[in-house]
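Given next are the chains, with one letter for each unit.
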Amino acid sequence: MRKRRIAIIGAGAAGCFCAVNIKKRMPEAEVTVYESGRKPLTKVAITGGGRCNLTNSFEHVRSVKEAYPRGEKLMKRALKVFSNNDVMEWFEREGVALTVQADGCVFPLSQDAMEIVCTLTRLMNSYGVRLLCDRRISQITPLSDGGYDIDGAQYEKVVVTTGGAPTLSRLSFLDAFQLEKMESVPSLFTFNIDNKALHSLMGTVVENVTARLTGTKLSASGPLLITHWGLSGPAILKLSSYGARVLKEREYRMEVAINWFGKERETEVAERLHILVSENSKKQLSSVYPEELVQRLWIFLLERAGLSPQKRWQELGAKQLNRLAALLTNDTYAISGKGAYKEEFVTCGGIALSNINPSTMECKAYPGLFFAGEVLDVDAITGGYNLQAAWTMGYISACSVTIADATEEGTTAAEEEP
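The rules behind these values
Residues numbered from 1 in each chain as written. Predicted model: local features only at pLDDT ≥ 70, side-chain atom pairs only at ≥ 80, totals over all residues. Heavy atoms only, no water. Helix = DSSP H or I, 4+ residues; strand = E, 2+ residues; numbered from the N terminus. Buried < 20%, exposed > 50% of the residue type's maximum accessible area, 1.4 Å probe, protein only. Contact = heavy atoms within 4.5 Å. Areas by Shrake-Rupley, 256 points an atom, 1.4 Å probe, with all protein chains shown as cover. Lys, Arg positive; Asp, Glu negative; His and termini not counted. Charge placed at Lys NZ, Arg CZ, Asp CG, Glu CD. Core = buried A, V, L, I, M, F, W, Y, C linked by side-chain atoms within 4.5 Å. Pairing = 2+ DSSP bridges. Right-handed = clockwise from strand over helix to strand, strands pointing away. Expected span 1.5 Å × (residues − 1). Phe/Tyr/Trp six-rings, centres within 6.5 Å; stacked < 30°, edge-to-face > 60°. Lys NZ or Arg CZ within 6 Å of the ring centre and 35° of its normal. pLDDT = per-residue confidence, 0-100. Salt bridge = Lys/Arg side-chain N within 4 Å of Asp/Glu carboxyl O.

### A word on the overall build of the chain
For step 1, the next point in the chain: Tallying secondary structure elements over the chain gives 14 helices and 21 strands in all.
For step 2, the next point in the chain: Summarising its shape, the C-alpha atoms of the chain cover approximately 85 × 40 × 40 Å along the three principal directions.
For step 3, the next point in the chain: By residue count, 55% of the 418 residues in the chain fall in the buried class.
For step 4, the next point in the chain: For the chain, contacts bridging at least 24 residues in sequence account for 74% of all contacts bridging at least 6.
For step 5, the next point in the chain: Counting every atom, the chain has about 18300 Å² of accessible surface; 48% of that belongs to carbon and sulfur.
For step 6, the next point in the chain: For the chain, the centre of its 48 positive side-chain charges and the centre of its 48 negative side-chain charges are spaced 5 Å apart.

Here it is, written out as structure tokens:
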């Protein structure tokens with residue numbers, strides 16, 4: 001078999017990035033990318049609302065685990081090899097100007113995802129990467145003398161970067177291998193709430209809430225958006241990521257509790273209400289309200305607490321005030337199902353990390369077979385972290401496949417500098 005023939009299955013972020021970096025490191029390699037769709041990088045083209053949130057500054061997460069509910073240990077190690085700063089420098093070297101938003105999200109300065117798509121496709125073309133679209137792979141099989149057969153074509157090494165699979169049947173092309181797999185379930189979705197009064201507030205945004213799934217320790221903070229079907233926004237999307245498996249187990253029928261004042265305790269909110277009483281005693285409840293809330297949401301919450309918006313602050317008894325403080329910090333809604341967050345649709349599950357050497361992304365049982373990106377049981381909250389994982393794992397895979405006889409030489413991609 002001809003040496004240095006490398007196949008990549010999947011022309012998404014991880015696959016295309018891996019292909020380019022293989023050719024940068026080993027120009028003589030023959031690299032073929034198989035893509036089942038009509039075009040490469042289709043998900044990259046729509047991510048971030050078509051602007052491509054390609055990474056994050058990581059300044060607003062306390063730990064890697066907060067960003068990666070699944071795959072934290074692998075990503076903690078991998079980010080030391082190829083970090084968010086490395087990603088930014090890589091694209092800037094290729095002529096892509098970047099901007100970092102206040103929330104840590106990183107976008108092309110052009111605010112156009114196609115700049116990222118065109119940069120990668122241009123590089124693939126210039127390096128001579130062979131891209132085969134409309135080519136769904138039916139089977140990969142190991143060869144007796146090493147290497148792999150892909151539908152009749154033979155390769156020395158194979159990198160699988162097919163992305164998240166809605167069902168594990170999408171990974172049937174790997175049936176020739178004994179691989180542990182994790183059930184694939186949705187992550188990053190909105191909550192359907194059957195409450196018409198809440199729906200009437202569609203478009204309302206509260207900048208800092210804490211949402212939690214009752215009966216669990218799972219919670220997330222950030223902006224919340226009220227929609228015509230329920231609740232969305234970064235706080236809800238993060239919570240859906242943390243609770244992806246438990247929500248699936250309970251058929252998306254749980255309760256979500258909202259603290260409309262972020263992480264403030266009930267006693268702290270009660271103290272703030274006492275101040276409103278003392279400073280606005282003769283005014284109606286509807287006309288004076290905490291600055292975090294807009295008036296129509298405030299009136300909605302007053303009514304949920306059983307209080308008339310026309311009531312005056314001086315008429316508010318201690319029990320009523322405490323009841324209002326309790327609701328404002330623990331406002332519960334029954335989740336009736338999941339909505340879709342189409343721009344950032346992500347699944348958790350896939351190829352279990354127990355199969356993978358985290359230093360190289362190589363399959364432990366099958367030398368020369370690598371996995372990168374969402375095909376693995378690694379996924380993140382919204383904000384550019386999922387694309388960061390794709391770039392990082394794609395880069396490490398590229399380093400690993402271009403290190404000849406890495407095991408014998410005692411060298412791993414994790415020991416190399418980006």
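### Structural notes on the nonpolar core
For step 1, the next point in the chain: Tyr-68, Ile-140, Trp-260, Phe-371 and Trp-391 are the most contacted members of the largest nonpolar core, which totals 136 residues.
For step 2, the next point in the chain: Sort the elements by how many residues they give to this core and helix H13 (residues 385–401) lands first, with 11 residues.
For step 3, the next point in the chain: Those residues within four positions of Trp-391 in sequence are excluded, and the remaining contacts are Ala-13, Phe-17, Leu-54, Phe-82, Val-87, Phe-91, Ile-116 and Leu-120.

### Comments concerning the pairing of strand S2 (residues 30–34)
For step 1, the next point in the chain: Summarising burial for S2: 4 of the 5 residues are buried, a large majority.
For step 2, the next point in the chain: Of the pairings in the sheet, the one linking strand S1 (residues 5–9) to S2 comprises 5 bridges and is parallel in character. Across the sheet, Ile-8 pairs through a bridge with Val-33, a residue of S2.
For step 3, the next point in the chain: In this fold, the crossover linking S1 to S2 by way of helix H1 (residues 13–25) has right-handed handedness.
For step 4, the next point in the chain: Inspection of the sheet shows S2 paired to strand S6 (residues 130–132) by 3 bridges, in the parallel sense. The residue bridging Thr-32 from the neighbouring strand is Arg-130, located in S6.

### Quick notes on H13
For step 1, the next point in the chain: In this model H13 runs 24 Å from its N-terminal to its C-terminal C-alpha over 17 residues, within 8% of the 24 Å that 1.5 Å per residue would give.
For step 2, the next point in the chain: The element H13 is extensively covered by neighbouring structure, given that 16 of its 17 residues are classed as buried.

### A short note on the packing of aromatic side chains
For step 1, the next point in the chain: Under the definition given, this model contains 16 aromatic pairs.
For step 2, the next point in the chain: On the basis of an interplanar angle of 10° and a centroid distance of 4.2 Å, the ring pair of Phe-82 and Tyr-395 is categorised as stacked. With Phe-82 in the loop between helix H4 (72–81) and helix H5 (84–93) and Tyr-395 in helix H13, this pair connects stretches of sequence that are 313 residues apart.
For step 3, the next point in the chain: Relative accessible area serves as the criterion here: at 5%, Tyr-395 is assigned to the buried category.
For step 4, the next point in the chain: Ring pairs connect the aromatic residues Phe-17, Phe-82, Trp-90, Phe-91, Trp-391 and Tyr-395, which therefore count as one cluster.
For step 5, the next point in the chain: For Arg-51, the ring lying beneath its charged end belongs to Phe-107, and the centroid distance is 3.9 Å.
For step 6, the next point in the chain: Sitting over the ring of Tyr-252, Lys-338 keeps its end group 5.9 Å from the ring centre.

### Considerations on the confidence of the model for the chain
For step 1, the next point in the chain: Predicted confidence across the chain gives a mean pLDDT of 94, with 94% of residues reaching 70 or more.
For step 2, the next point in the chain: Confidence over residues 405–411 falls short of pLDDT 50; this stretch has 5 contacts with residues more than four positions distant or in other chains.

### Things to note about the sheet that holds strand S4 (residues 98–100)
For step 1, the next point in the chain: Strand order in the open sheet made by the 3 strands is S3-S5-S4, with antiparallel pairing throughout. Strand pairing shows two members of the sheet lacking a second neighbour, strand S3 (55–56) and S4, which therefore form its edges.
For step 2, the next point in the chain: The pairing of S4 with strand S5 (residues 105–108) spans 3 bridges and is antiparallel. The residue of S5 that forms the bridge with Val-100 is Val-106.

### A few points about the pattern of salt bridges
For step 1, the next point in the chain: The final tally for this structure, using the stated rule, is 12 salt bridges.
For step 2, the next point in the chain: A salt bridge links Glu-94 to Lys-24; the nearest nitrogen and oxygen atoms lie 2.9 Å apart. Taken together, the residues span a long stretch of sequence, with Glu-94 in the loop between H5 and S4 and Lys-24 in helix H1 at a distance of 70 residues.
For step 3, the next point in the chain: One salt bridge connects Asp-379 with Arg-70, and the closest N-O pair in it is separated by 2.6 Å. Of this pair, Asp-379 sits in the loop between strand S21 (369–371) and H13 while Arg-70 sits in the loop between helix H3 (64–67) and H4, and the two are 309 residues apart along the sequence.
For step 4, the next point in the chain: We classify Arg-70 as buried; its relative accessible area is 11%.
For step 5, the next point in the chain: Residues joined in a network through salt bridges with shared partners are Glu-264, Arg-272 and Glu-292.

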